[in-house]
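Structural features, examined
Each chain, letter by letter, is given below.
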Amino acid sequence: MTAASPHPRCAPLLSALPLLFALLSFLIASRSTSVPAPTLHQQLEDLSTQVVHNLHHLATISESPHHLNRPFLSNSSKQAHALLHRLFTQAALSATADAAGNVIATLTCATTPSSTTRPLILLGSHHDTVVDAGRFDGTLGIFTALAVAQSFRSSICTLPFDISIIAFDDEEGNNPFSVTNFGARAFVAHDLSHITALPTFQQAHHALHGPSDVPSAVRHAAISKHLKNRLLAYVELHIEQGPVLEAAHRPVGVVDAIAGQTRIMIRVDGQAKHAGTTPMNQRRDALTAAAQLVLHVEDVARHFHAERLVATVGKLDVYPAATNVVPGSVSFSVDVRAPSDRVRNRAVQLIRHASQRVALARSVQVDLQIVHQVDAVRMSDWLVDGFKHVLGDDAVVLTSGAGHDAQFMKEITDVGMLFVRCKDGISHSPLEAVSDQDVFQGVLALRKVIERIAEKAVA
Ligand SMILES: [Zn+2]
C-alpha cells in the first residue's frame, strides 16, 4: 500500500511544519531559561515583604517571652546586634558594631573616585525598645533603609555617594543609667564619661561584651573625623507615633522639626481647712486655683494650635488629699512642646502671667519652676524641600512631638525625617501597627528621597 497524497491545499502548511516546530521549541526553551528582569516596582515590593519579615523576626528577640522588651545593654540587645549584623552581611553590606551598641553597615556604590573620599548618606534609626513595645518603633527605619540600599545594589549602584545604615542603641532610655540616646550621643562624640565610669554600667558592659576599658571603648564609638567629612546627610524614617497622617489619609509625611520642650512644675499653696465648717467665701483652696490654671494651660495651647504647639498637664498631686479637708497645696506638671522656640517661650510666658492672675484673684501663692528645657531641632531645609518634592506639593508636613536620634545627628550633619502612618496613632504599645502597604510606601518614598538627593548632589 502506498501512503495517501496530501490534499493540494494542505501541502504548503505541511512543508512549513518543521520550521514552526523549531520556532516553538526555541520559544519554549528561551522562556524556561531567561525570566524577564523584575521591574524596580516589583523589586521594591519584594524588598518590602522582606522588611515585614525582618520586623517580625527582630520582634521575637526580647527579654520577656510575654511582651517585647529590648533594653540597652541586655542579652536581647546583644542578640539583636547579631541578627542585624547577619542581615546586613547577607545583603552584601560590610557591617560593624561599636561599643555603644550601634550596628553600622555600608553599601559602597562605586570604586571611582576612591571610596575613601566619596560622600556618604547615613540612613537609620534605633533597635532598642520600650517595655511592652510595638515592633515598628525605630526598627522600621532600619529595615526600610536596608531595603533601599539593597534596591540600589540590585540595580547596579551608580549613586554619587555611598550609603551607610546605622542602627542606634538606647534611643528610648530603657536602662537604669538615667540616659537616653546613648548610641547616638556616643556617635556624635558627647562626653558620656559620667555614665561609662559607673561601676554598674561597666559590669553590664563587661557581661555582654567582655572585659575592656569601657570609657575608652565608648569614646571610640564616635564617628571618625574622616567619616564626618564625607557625610552629606542623615535621613531617618520613623513611624509617626501620632494620628495626623491617618487623619489626612496619607501613608508618608515630611517632618520639618523635632519639637522643643519646656517642662514646668507649678506649686499652688492655699490653706488647708475643715471642709464642713469653712464657708465658700473664706477659702484659699489650692485645688480650685490649680484647676483654673490647668484650664488656662489648655487655653494657651489652643491659642497656638496653628503653630502646632501642644501643652499637657499629666501629673497632679494634692495635699493633704482628704475628702473632708479643703486642699492646702497642689503641685502639677506642665509639658509644653512646639516646633518654634519663640512660640513655645511665648506660651510659657502666658502661663506665667495666668499664674500671677490666679494667685491674686484667689489669694494663693503660685510658684512656677522650669525644670527642663530643650530647643527645637529644625530639619535641614534642602532635605525638607526635597522630601516635599518627592511626596508632592500637598505633602503633609509634621512636627515630631517625640525626640529622635536625628536631633543628635543634627550636631554633625544635615538631617531629614520621614514619618510613616501608624494605626490609630498608637505607639509604645503592642497595639502599634503599620500596614504592609504603608511599609511599601515607606520604602518607595525613601528610595525616591535617595534618588532626589543624588540628583541634587550631581547638579
Ligand atoms: Zn523611636
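Residues numbered from 1 in each chain as written. Predicted model: local features only at pLDDT ≥ 70, side-chain atom pairs only at ≥ 80, totals over all residues. Heavy atoms only, no water.

1. A word on the packing of aromatic side chains
The final tally for this structure, using the stated rule, is six aromatic pairs. With 6.1 Å between their ring centres and 50 degrees between their planes, phenylalanine 72 and phenylalanine 201 make a pair best called tilted. Here phenylalanine 201 lies in helix α7 (residues 199–209) and phenylalanine 72 lies in the loop between α2 (40–59) and α3 (75–90), a separation of 129 residues in the sequence. Owing to a relative accessible area of 4%, phenylalanine 72 belongs among the buried residues under this scheme. Judged by relative accessible area, phenylalanine 201 falls into the buried class, the value being 0%. Measuring from centroid to centroid gives 5.2 Å for phenylalanine 182 and phenylalanine 201, while their planes differ by 35 degrees, and the two rings are tilted. In this pair, phenylalanine 182 sits in helix α5 (residues 182–187) while phenylalanine 201 sits in helix α7, placing the two residues 19 residues apart along the sequence. In terms of burial, phenylalanine 182 and phenylalanine 201 fall into one category: buried. (Phe/Tyr/Trp six-rings, centres within 6.5 Å; stacked < 30°, edge-to-face > 60°. Helix = DSSP H or I, 4+ residues; strand = E, 2+ residues; numbered from the N terminus. Buried < 20%, exposed > 50% of the residue type's maximum accessible area, 1.4 Å probe, protein only.)

2. Brief notes about the coordination of the zinc ion
Geometry reference: four tetrahedral donors at a metal, ideal angle 109.5 degrees. Six octahedral donors, ideal angles 90 or 180 degrees. Surrounding the zinc ion are the protein donor atoms His126 (NE2), Asp137 (OD) and His238 (NE2), at 1.9 to 2.1 Å. Along the chain, the residues donating to the zinc ion are arranged with the sequence spacing H-x10-D-x100-H. You can see histidine 126 sitting in strand β3 (residues 120–126) and its partner histidine 238 sitting in strand β5 (residues 231–239), a full 112 residues away along the chain. For the pair formed by histidine 126 and histidine 238, the shared burial category is buried. (Donors = N, O, S within 2.8 Å, 3.2 Å for Na, K, Ca; no water.)

3. Examining the UniProt feature "domain: Peptidase M20 dimerisation" (unreviewed entry) in the protein chain
UniProt records the feature "domain: Peptidase M20 dimerisation" (unreviewed entry) for residues 261–356 in the present numbering. Overall, residues 261–356 shows 35% helix and 31% strand. The separation of its end C-alpha atoms is 22 Å. (UniProt positions renumbered as here; feature names shortened; annotations may be inferred.)

4. Some details on the side chain of glutamate 171
Along the chain, glutamate 171 falls in the loop between β4 (162–168) and α5. Buried within the structure, glutamate 171 lacks any salt-bridge partner; arginine 185 is the closest side chain of opposite charge, at an N-O distance of 9.7 Å. When near neighbours in sequence (up to four residues on either side) are disregarded, glutamate 171 contacts His126, Asp128, Thr180, Asn181, Gly403, His404 and Asp405. (Lys, Arg positive; Asp, Glu negative; His and termini not counted. Salt bridge = Lys/Arg side-chain N within 4 Å of Asp/Glu carboxyl O. Contact = heavy atoms within 4.5 Å.)

5. A look at the domain arrangement of the protein chain
Partitioning the protein chain into structural domains gives domain 1 (40–258 + 377–458) and domain 2 (260–374). Between the C-alpha centres of domain 1 and domain 2 the distance comes to 38 Å. Buried surface at the junction of domain 1 and domain 2, both sides included, amounts to about 450 Å², of which 36% is carbon and sulfur. Counting across the interface, domain 1 meets domain 2 through one salt bridge. Where arginine 308 meets aspartate 256, a salt bridge forms, and the shortest distance between an N and an O atom there is 2.9 Å. Between the two partners, domain 1 and domain 2, sit four residue pairs in polar contact (both at pLDDT 80 or more). (Domains from an automatic or database assignment. Buried area = accessible area lost by both parts, 1.4 Å probe. Polar contact = N/O pair within 3.5 Å; in protein donor to acceptor, adjacent residues only side chain to side chain.)

6. Observations concerning unusual backbone geometry
Put simply, tyrosine 319 and proline 320 share a cis peptide bond, and its omega is 5 degrees. Position of proline 320 among the secondary structure elements: in the loop between β10 (316–319) and β11 (325–326). Its identity as a non-glycine residue notwithstanding, histidine 428 has a phi of 55 degrees, on the positive side. Relative to the helices and strands, histidine 428 resides in the loop between β16 (414–420) and α15 (436–458).

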